[in-house]
Structure formats: structure tokens, C-alpha cells
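Each chain is listed here by its residues.
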Amino acid sequence: MKINCAFVGFGKSATRYHLPYVLQRRDTFQVKTIFDITRHPDIEKEEAYQGIRFTSDLNDILLDDSITLVTLCTPPQTHFDYAKLCLEHGKNVIVEKPFTRTLAEAQSLFSLAAEKGLTVTPYQNRRFDNCFLAVEKVISSGVLGNIVELESHFDYFRPDAPDAPADYTHGAFYGLGVHLVDQVVSLFGRPECVHYDIRSVRNKNNPDDTFELQLYYGDKKAIIKCSHLVMQPYPKFILHGEKGSFIKQNIDQQETCLKAGKLPGTSDFGQETEYGVLKYLDALGEALTERVDAGNGDYGRVYDAVYATLCQGAPPYVSVADVMTTMEILHRAFEQPTPALVRLS
């Protein structure tokens, strides 16, 4: 069975992070229509997009009964309205990050999808970063015993920050933190409380560009951090358990390849540049050191998972509970000035 799908939005998100993967999956997906308010004829005529209908009339998607899945690659403030419209017209929906602006909007979409017998899901592609898959692999192995602390970074060195005033949904926390929070929630579930430190460091006229969260799970803590003023990077992941530690220095290379024009399916796409190092005590108390190879990441696995849900009855790859927890953590960050400690309801 092949899914006829469509895209709303034809900017960087669609052309870099979605279409290169979907177009590699021609046995399961057929991209039928792409809508954008502003047409891009020079890009539309590229060989990769031949056979796709481009339009500036959204009804070409909404009224086409053969299209059963729509991916939204539009600005955050449009996500809720577009997703609601697509669900009302009988379409399953994938929504780029952040899923919605508020917790209430997210709940409304899930309620509408359930009423219509449809699926609406966020595009949490960072669940398929190889660095994160390595962390999952180590935790699942059990060799570290009880996990006591996870630290995750998403850092850059971009000191220039021209004026770009906007609301909080355009800041680093909603734009990048949504991935880091989702990763932690997928590993450990709903935290008991969260300590927030969210700041605009480079330009006070702009939304936040720096954040640190500490998420508490009894004796376990997860720390997520982002800054645009880190010239010498931290390890991407640091994981400590009662029996040892795991450190992964480099982030997944898919984004680097995509920015350089390399596409999925080429021989060196997303190739691992270094393996994480695992050090732990075995059952005899002997210290062991291992390299951890989780294989290459693949953002296309989001679409594989959605296909399994729509065509094979598999549960959504991101549960509703996980989405709502992530959205609550995002939403509650801006209910009070930070630093602040917030206990989740």
C-alpha cells in the first residue's frame, strides 16, 4: 500500500528535513501536491520534484480525497489552524516543531483527531539522531545500572544576533528545546518538577537564545542546555549510572550533510564521525571500556513509523502522553520569570 501525501509549506524545513527522506521511500509514499503561499518556480523545476503538483490553493490538498497524509512545514503560529483544517477534511497530519504554541491547542488537535479516527503527530526527527540512539542503546543494555544523571547539549557559536523581535515560540527553547525535552521524556517519562533558566543573552530585543533545564525524576536528573555562545563544544551527551558512564562527543551528522547538499542514500550520508565511549564495572568489578556503535541516524524513520501507524495499526511513534508532557514543559516555562522551579500538575 502506498500513501498519497502532501506538504503545506515549501521552505527549508520541507526541502531539507522532509522531502529528501520521503522521496527515498517511493514504495510507501507518493508526494502528490505541495502548497505554498509563495511559489518558487526555480526550485519546483528541479529534477527531484518532477511529477509533483505545486499550488497556491490549499483546496487542491483539502478537497483531494486521494491525499490521506499532510505534513505541515509552516511557521509555528500557523500550526494549529492548518492542522485543524486538515483534520476536519479527513487528513492525517504530521506537524513540524513546535507541535503547537499552547497546551490547549495540542489537546484540541488530539481530541479532534480521535473524533475523526485520524492521526496527528509531531515531527520529532531527533529521536533518530545516532547520538541519541547510542544513549538509548546504552540505557537499554543495563550495564550502567540505575541511571543517575543525563546531560544533553545543543550548542553553537553564533555571536552575531541582529534584531529579530518575536514572541517566545520563535526562541531557542521552543525551536530547539522541544527536541531535547522530547528526548528526555522518551527515555524517562514525565518528570516530577522542572527547574528553568531561560535567557536572551546576545540581543535583549530577541526571544531567548540560551536555556538550561533540570528535570527531576526522584534520584535521577536530566539536564538539557543550549547556547549560541559556545566556541569549544561540550560532549553532546553525558550519561552517568551507578556502574559507569557514557560520553558521546559529536552530534549526528545528517544535518551537516543536508546543509552541504548531500542526500540520503549516498554512501557517506550521515556517516558516524566518532563512537561514544562507555566505561563501566562488570559483574566481577572489572573496569571495561567499549565503543558504542548505534549505526547511522535516519530522519526518514519518522515516516516509516507513521506508515506503520496508518497502514499496519502500530501505535504512534510519539505517544499522546509524551507529546502532552513535552508541550506542558514548554508551555509552563513562560508562565513566570526564570530562574524558576515548577512542579508539574
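Structural notes, computed from the coordinates. (Residues numbered from 1 in each chain as written. Predicted model: local features only at pLDDT ≥ 70, side-chain atom pairs only at ≥ 80, totals over all residues. Heavy atoms only, no water.)

1. Focus: the overall build of the protein chain
The number of helices and strands found in the protein chain is ten helices and 15 strands. Here the protein chain has a C-alpha radius of gyration of 21 Å; the compact-globule value for 345 residues is 20 Å, and the two agree. Its C-alpha atoms put the protein chain at 65 × 45 × 45 Å along the principal axes. Taken over 345 residues, the protein chain has a buried fraction of 52%. Long-range contacts, defined as pairs at least 24 residues apart, comprise 71% of the intrachain contacts of the protein chain with a sequence gap of at least 6. Here the protein chain carries 35 positive and 45 negative side-chain charges, and the mean point of each set is 1 Å from the other. (Helix = DSSP H or I, 4+ residues; strand = E, 2+ residues; numbered from the N terminus. Rg over C-alpha atoms; globule rule 2.2 N^0.38 Å. Buried < 20%, exposed > 50% of the residue type's maximum accessible area, 1.4 Å probe, protein only. Contact = heavy atoms within 4.5 Å. Lys, Arg positive; Asp, Glu negative; His and termini not counted. Charge placed at Lys NZ, Arg CZ, Asp CG, Glu CD.)

2. Section: the pattern of salt bridges
When their charged atoms lie close together, side chains carrying opposite charge are able to pair. What the rule picks out here adds up to 21 salt bridges. If you follow the salt bridges from partner to partner, you end up with Arg-126, Asp-129, Glu-255 and Lys-259 in one network. (Salt bridge = Lys/Arg side-chain N within 4 Å of Asp/Glu carboxyl O.)

3. Looking at the packing of aromatic side chains
According to the stated counting rule, one finds 20 aromatic pairs in the structure shown. Seen from their ring centres, Tyr-49 and Phe-54 are 6.3 Å apart, and the 85 degrees between their planes marks the pair as edge-to-face. For Phe-54, a relative accessible area of 13% translates into the label buried. Residues Phe-173 and Phe-334 carry aromatic rings whose centres are separated by 6.2 Å and whose planes lie at 50 degrees to one another, so their mutual orientation is tilted. Highlighted residues: Phe-173 in helix α7 (residues 172-188) and Phe-334 in the loop between α10 (320-332) and β15 (340-343), separated in sequence by 161 residues. Its relative accessible area of 0% is what places Phe-173 among the buried residues. (Phe/Tyr/Trp six-rings, centres within 6.5 Å; stacked < 30°, edge-to-face > 60°.)

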